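Spelled out from the first residue to the last, the chains are:
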Amino acid sequence: DITELKKVESLKNEFIGTVSHELRTPLTALKESIGIVLDGSAGEVNEEQKDFLDTAKRNVDRLSRLINDVLDLQKLESGKMSFDMQENDINFLIEDVRNTMEPVCTRKGLTLSAERAEKLPAVTLDRDRMIQVLTNLVNNAVKFTERGGITIGVEYKDGENAYRVFVKDTGPGIKQDDMPRLFQRFQQLETSGSRKTGGTGLGLAISKQIVEAHGGKIWVESELGKGSCFIFLLPVMEQRSRPRV
């Protein structure tokens, strides 16, 4: 029964949202307490203790990211996410993300480049949310790419009157059987027989919701062994003062 399934889904989402909200307060206190001990404010910490505390902090940070992602996705799917829609130059957003993510790529021995398009018409979007999409896509590329580099770019298609924004990598590519799962919640793909850890499995699902809220669409083009290119289309003429959520 479709009505019953929708009811169950709604109850599940409500439960997840409630639990996530309730976890935020103790997690914040735990994070602050670890930070106080780590910086020596509560007394001297030896190297072995510091290693244990660093591990605890990383896991608390990861849990905090998961909770924030769950709450973001819940707001997006329920239409309760608020957007600050203003005219922006997409090139500035790409450069901002490149500057922010370059140290992450450098630490892994990867290059990160940006391909700008000149004389672009202004586009109405939520700057912070669109940066969130690009950051999610770059993070995803970094996770799966072991050598080579990542490129963020934009093209303006006159015929489509839309932007094509892309993030391409030199990673292992994606199996055709895995394509339908990419933008689903809590999905993490495996490569070379081992699961990649560190993500929440929600980044691509959140990105899809944000892009669609802006009247666009997102997809991936990939061939196993030849890297991947995530692309999202942002229509120019169809931009509205408020997104469709």
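Residues numbered from 1 in each chain as written. Predicted model: local features only at pLDDT ≥ 70, side-chain atom pairs only at ≥ 80, totals over all residues. Heavy atoms only, no water.

> Pulling in residues and values, what's your account of the packing of helix 2 (residues 47-78) against helix 5 (residues 203-213)?
Contact geometry for helix 2 and helix 5: axes closest at 10 Å, N-to-C directions at 30°. Between helix 2 and helix 5, the angle falls in the class roughly parallel. In this structure, the crossing between helix 2 and helix 5 has a hand that is left-handed. In this structure, helix 2 uses Asp69, Asp72, Leu73, Leu76 and Glu77 to contact helix 5, whose residues at the interface are Ala205, Ile206, Gln209 and Ile210. Its residues assigned to classes, the contact of helix 2 with helix 5 shows 5 nonpolar, 1 polar and 3 charged. (Axes fitted to C-alpha atoms, helices over the stretch in contact; angles between N-to-C directions. Helix = DSSP H or I, 4+ residues; strand = E, 2+ residues; numbered from the N terminus. Parallel < 35°, antiparallel > 145°, perpendicular 65-115°, else oblique. Left-handed = near helix turned anticlockwise from the far one by under 90°. Contact = heavy atoms within 4.5 Å. Nonpolar A, V, L, I, M, F, W, Y, C, P; charged D, E, K, R; others polar.)

> Kindly report on the sheet that holds strand 9 (residues 228-235), identifying the contributing residues and their values.
Here 5 strands make up an open sheet; going across it, the order is 2-4-5-9-8 and the pairing mixed. Both edges of this open sheet fall to strand 2 (111-115) and strand 8 (217-222), since each of them pairs with a single strand only. Taking each pair of neighbouring strands and ignoring which way they run, the sheet shows an average axis angle of 15°. Both strand 5 (residues 162-169) and strand 9 contribute to a ladder of 7 bridges, which runs antiparallel. When the bridges of strand 9 are listed, Arg164 appears paired with Leu233. Its contacts with the sheet place helix 4 (residues 127-144) against strand 2, strand 4 (149-157), strand 5, strand 8 and strand 9, and it is angled at close to 170° to strand 9. (Pairing = 2+ DSSP bridges.)

> Summarise the pattern of salt bridges; cite the residues concerned and give the values.
One pass over the structure, following the stated rule, counts 10 salt bridges. Between Glu102 and Arg98 there is a salt bridge whose closest N-O contact spans 3.2 Å. Separated by 4 residues within a single helix, Glu102 and Arg98 lie in helix 3 (residues 90-107), roughly one turn from each other. Under the relative-accessibility criterion, Glu102 is labelled partly exposed at 32%. Its salt-bridge partner being Lys108, residue Glu146 comes within 3.6 Å of it at the nearest N-O pair. Here the residue Glu146 occupies a position in the loop between helix 4 and strand 4, and Lys108 occupies one in the loop between helix 3 and strand 2, the gap between them amounting to 38 residues. One continuous salt-bridge network, built from bridges that share partners, spans Lys31, Lys57 and Asp61. (Salt bridge = Lys/Arg side-chain N within 4 Å of Asp/Glu carboxyl O. Buried < 20%, exposed > 50% of the residue type's maximum accessible area, 1.4 Å probe, protein only.)

> I'd love a proper account of the environment of Val97, names of residues and values included.
Along the polypeptide, Val97 turns up in helix 3. Counting along the chain gives 37 residues from Val97 to Leu134, while the straight-line C-alpha distance between them is 7.0 Å. Filtering out sequence-adjacent residues up to four positions away, Val97 remains in contact with Ile131, Leu134, Thr135, Val138 and Ile152.

> Can you break down the nonpolar core residue by residue, with the values?
Counting 49 residues, the largest nonpolar core has Ile90, Tyr163 and Phe232 as the members making the most contacts within it. Considering every element that reaches this core, the biggest residue donor is helix 4, with 8 residues. Leave out the neighbours within four places in its chain, and Ile90 touches Leu120, Leu125, Val154, Tyr163, Val165 and Leu234. With 7 residues, the next largest nonpolar core counts Leu27, Leu38, Leu53 and Val60 among its residues. (Core = buried A, V, L, I, M, F, W, Y, C linked by side-chain atoms within 4.5 Å.)

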